[in-house]
Amino acid sequence: MKSEVLQKLARYCAYQERCVWEIQVKMESLAVLPEDQKPYLEWLEENNYLNQERFAKLFVRSKFNQKSWGRNKIKFELKRLQVKDSLIQKALEELLDLPYEATLESMLKDKFQQVKDPNEWSKKQKCYQYAMRKGFEADLISMYMQQLK
């Protein structure tokens, strides 16, 4: 293992939480061959620079708090980052501590006020589609849509 590459990877991980896939992409950019990557990943994990569970939990919290993403979009993005399903399920439990439904409700109310459409049905459709794009579950959206006026 080259210490120069290790230093760059450690700095890359120290800057913000990373997942294995991001580290692998970084190693490719540093010209580390795929068959030589394992020792680097092991060193990063042993020295607590890389922790998949910590990454997944932080990802869930930050995407919900900063971007108001719902469960489905968060799950999709974690899968895209090649995080294991078991870790995704564990990380999604973080949403239980957060005001998930209250956020959806206030987001729908705000969107309903913003949409300029005289037809109430199409106004509600736009709100529904917006919440779906944000990754919230259809049954939850429908429940809160009934309260909109």
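Shown above is the structure to which this text applies.
Everything numeric in this text was worked out from a predicted model, so none of it was measured. All residue numbers refer to position in the chain's written sequence, counted from 1. Only residues with pLDDT of 70 or above have their local features reported here, since the model is predicted, and side-chain atom pairs are shown and tallied only from 80 upward, although totals for entire chains, interfaces and linings are computed over all residues. Heavy atoms throughout the structure, all of them, feed into the side-chain values; hydrogens and water do not.

(A) Inspection of the overall build of the protein chain at higher detail. Runs of E in the DSSP output that reach at least two residues are strands. Runs of H or I that reach at least four are helices, and both are numbered from the N terminus. Scanning the protein chain from N- to C-terminus turns up nine helices and zero strands. Listing every helix and strand of the protein chain by position from the N terminus yields α-α-α-α-α-α-α-α-α. Across its three principal axes, the protein chain shows a C-alpha extent of roughly 65 × 25 × 20 Å. For the exposure calls, accessible area comes from a 1.4 Å probe over protein chains only, and a residue counts as buried if that area is under 20% of its type's maximum, exposed if over 50%, partly exposed in between. Per-residue burial over the protein chain gives 39% buried out of 149 residues. Taking all contacts inside the protein chain whose residues are at least 6 apart in sequence as the whole, residues at least 24 apart take part in 61%. Of the roughly 9,200 Å² of accessible surface on the protein chain, 49% is carried by carbon and sulfur atoms. Any two residues having at least one pair of non-hydrogen atoms within 4.5 Å are treated as being in contact. All accessible areas in this document rest on Shrake-Rupley with a 1.4 Å probe, and a residue is counted as covered only by the protein chains that are shown.

(B) Broad picture of unusual backbone geometry. In this structure, Ser-68 takes a positive phi of about 55° despite not being glycine. Within the secondary structure, Ser-68 sits in the loop between helix H4 (52-67) and helix H5 (71-80). Residues other than glycine seldom take positive phi values, yet Gln-82 does so here, at roughly 60°. Here Gln-82 lies in the loop between H5 and helix H6 (85-92).

(C) Region of the structure containing the packing of aromatic side chains. Each aromatic pair joins two rings of Phe, Tyr and Trp (for Trp, the six-membered one) with centres within 6.5 Å, and gets the label stacked for planes under 30 degrees apart, edge-to-face for over 60, and tilted for any other angle. In total, this model carries four aromatic pairs according to the counting rule given. Centroid distance Phe-55 to Phe-59: 5.8 Å. Interplanar angle 40°. Geometry classified as tilted. You can see Phe-55 and its partner Phe-59 sitting in helix H4, four residues apart, about one turn around the helix. Taking relative accessible area as the criterion, Phe-55 reaches 5% and is therefore assigned buried. When the ring of Tyr-100 is compared with that of Phe-136, the centres are 5.0 Å apart and the planes differ by 45°; the resulting orientation is tilted. With Tyr-100 in helix H7 (residues 100-114) and Phe-136 in the loop between helix H8 (120-133) and helix H9 (138-145), this pair connects stretches of sequence that are 36 residues apart. Residue Tyr-100 is classed as buried on the basis of its relative accessible area, which comes to 6%. Three or more aromatic residues link up through ring pairs in this structure, and these residues are Phe-64, Tyr-100 and Phe-136. Consider the ring centre and the ring normal. A charge sits over the ring if Lys NZ or Arg CZ is within 6 Å of that centre and within 35 degrees of that normal. Taking NZ or CZ as reference, Lys-26 lies 5.0 Å from the ring centre of Tyr-12, over its face. Sitting above the plane of the Phe-112 ring, Lys-123 keeps its charged end 4.6 Å from the centroid.

(D) The arrangement of the packing of H4 against H5 in detail. Close contact between H4 and H5 brings their axes to 10 Å; oriented N to C, the two are set at 140°. On the basis of the axis angle, H4 is oblique to H5. Considering how the two elements wind past one another, H4 and H5 form a crossing that is right-handed. Of H5, the residues touching H4 (which contributes Phe-55, Ala-56, Phe-59, Val-60, Lys-63 and Phe-64) are Ile-74, Glu-77 and Leu-78. Angles shown run from 0 to 180 degrees and are taken between the N-to-C directions of axes, each axis being a line fitted to C-alpha atoms and, for helices, limited to the stretch in contact. Throughout this description, any angle smaller than 35 degrees is read as roughly parallel, any larger than 145 degrees as roughly antiparallel, any in the 65 to 115 degree range as roughly perpendicular, and the remainder as oblique. Left-handed describes a crossing in which the near helix is turned anticlockwise from the far one by less than a right angle; the clockwise case is right-handed.

(E) Looking closely at the side chain of Lys-123. Tracing the chain through its elements places Lys-123 in helix H8. When charges are tallied, Lys and Arg are placed among the positive residues and Asp and Glu among the negative ones, while His and the ends of the chain are skipped. Think of a salt bridge as a Lys or Arg side-chain nitrogen and an Asp or Glu carboxyl oxygen that are within 4 Å of each other. In this structure, Lys-123 is buried with no salt-bridge partner, the nearest side chain bearing the opposite charge being Glu-120 at 7.5 Å. Here a polar contact is taken to be a pair of N or O atoms separated by no more than 3.5 Å, where protein atoms must pair a possible hydrogen donor with a possible acceptor and residues adjacent in sequence count only if both atoms sit in side chains. Reaching out from Lys-123, the side chain makes a polar contact with the backbone oxygen of Phe-112 at a distance of 3.3 Å.

(F) Local environment of the environment of Ala-14. Among the structural elements, Ala-14 can be located in helix H1 (residues 3-15). Taking the C-alpha atoms as reference points, Ala-14 and Tyr-49, separated by 35 residues in sequence, lie 6.4 Å from one another.

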